[in-house]
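Notes for the structure review
Each chain, written out:
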Amino acid sequence: MSAAQTLPDPTAPLVDPKAAGKVSPATQIAPETAEAFISEKRIGERIKRLRLKKSMGLVELGRHTGLSASFLSQLETGRVVPTLRNLARIAMVFSKDLSYFFESDPVALFRVHRRHERMKLPQTGVDDPTYYFESLAFLVPDRQIDPYHAEFIPLKTGQTVRPHQHTGFEFLYMLHGTLNLQHGDQNTQLEPGDSVYFDAGTSHSYRCVGKIPACALIITMQQSTTPRVATRKPPIADATGTGNEAPSTTGSNETKMSGVKNLPASRMPTLTPRRLV
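So, here's what we can say about the structure. Everything numeric here is computed off the predicted structure, so don't read it as measured data.

**With respect to the environment of R51**
Tracing the backbone through its elements, the reader meets R51 in helix α2 (residues 43–53). Look at R51 and you get buried, because its relative accessible area is 8%. Considered as a pair, R51 and V93 are 42 residues apart in the sequence and their alpha carbons are 9.5 Å apart. Every residue in contact with R51, bar those within four places of it in the chain, is listed here: M56, G57, L58, L61, E76 and F94. Within the structure, the side chain of R51 is placed 2.9 Å from the backbone oxygen of M56, a separation counted as a polar contact. Reaching out from R51, the side chain makes a polar contact with the side chain of E76 at a distance of 2.7 Å.

**Side note on the pattern of salt bridges**
Tallying each qualifying case throughout the model produces six salt bridges. One salt bridge connects K120 with E151, and the closest N-O pair in it is separated by 3.0 Å. Of this pair, K120 sits in the loop between α5 (84–93) and β1 (121–122) while E151 sits in strand β3 (residues 145–152), and the two are 31 residues apart along the sequence. Among the residues examined, K120 registers a relative accessible area of 48% and is labelled partly exposed.

**Quick notes on the pairing of β3**
The buried count for β3 comes to six of eight residues, which makes it a mostly enclosed element. Examined bridge by bridge, strand β2 (residues 131–135) and β3 share five bridges and lie antiparallel to one another. Paired with S135 across the two strands is Y148, which belongs to β3. Bridge analysis of β3 against strand β9 (residues 214–221) gives eight bridges, and the strand direction is antiparallel. The partner of H149 across the bridge, within β9, is L217.

**A few points about the sheet that holds strand β7 (residues 195–199)**
In space, the six strands of this open sheet follow the order β1-β2-β3-β9-β4-β7, with antiparallel pairing throughout. In this open sheet, the two strands that pair with only one neighbour each are β1 and β7.

Cut-off values and rules
- Each chain carries its own residue numbering, running from 1 in the direction its sequence is written.
- pLDDT decides what is reported in this predicted model: residues at 70 or higher carry local features, side-chain atom pairs at 80 or more are listed and counted, and totals for whole chains, interfaces and linings draw on all residues regardless.
- Each side-chain value is derived from all of the structure's non-hydrogen atoms; neither hydrogens nor water enter the calculation.
- Think of it this way: any DSSP run of H or I at least four residues long counts as a helix, any run of E at least two long counts as a strand, and we number them from the N terminus.
- Whether a residue is buried, partly exposed or exposed follows from its accessible area with a 1.4 Å probe, protein chains only, as a fraction of its type maximum: under 20%, in between, or over 50%, in that order.
- In this analysis, two residues are considered to be in contact whenever any of their non-hydrogen atoms come within 4.5 Å of each other.
- Polar contact criterion, stated in full: a pair of N or O atoms within 3.5 Å, where within protein one must be able to donate a hydrogen and the other to accept it, and residues adjacent in sequence count only if both atoms are side-chain atoms.
- Between Lys or Arg on one side and Asp or Glu on the other, a salt bridge is scored when a side-chain nitrogen of the former is within 4 Å of a carboxyl oxygen of the latter.
- Two strands are counted as paired when DSSP detects at least two bridges linking them.

What follows is the structure, encoded as structure tokens:
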């Protein structure tokens, strides 16, 4: 080793005292990066969304927060960035935590249900079911509607259908076959392509007409109000189209999913506890 190639002094300081407290531009967060980070949170849009949800004008929000309407307008359009103090004032007006303005927006709901994942379940509450159904949205949490594919089988000799009722409304679209729908005192026959929308709080039942199964798409929509009860119990239609008066179903706690207790957890449908079809 030559004299010019001496080893570094292990006692020498690792940082140049003249450079202490300074950061290389290459390791600094660029101003435009910080601006982009703030813009991604869309704080102004969230403020405006809260304000409009309360039907509140800029002037009124200004009175509550002590901020001018012009400043609030600039906040909502993203021309200025609020301080934490000003953002806290706005958050308190709308009973929100500061974290509300920085949380990621929820991802849009999107769920695919493959045909092989669905479970065909029988009508519950009877020993001899007259239809089978498959939930088309069992993976969707907190869903607002419940879609089903239902298959109604031809009745056996002496077999009767069982009427039921539940809160909300029901929509049915016939795919193939012929189906008889009894809704309160009204009896309707549905063919492929026909659809019906009805109050599910009225007692109703379905009966396959003919020798081939009838299939339909059924959508139930929950309603928070108390269901209406039919003033007169409809007759139970048997294989000949006649029958006795139907028993009342008011107050029953039975649900469509009562027959799936022993399903594997990985394929357990998560239907809401309500009577469906």
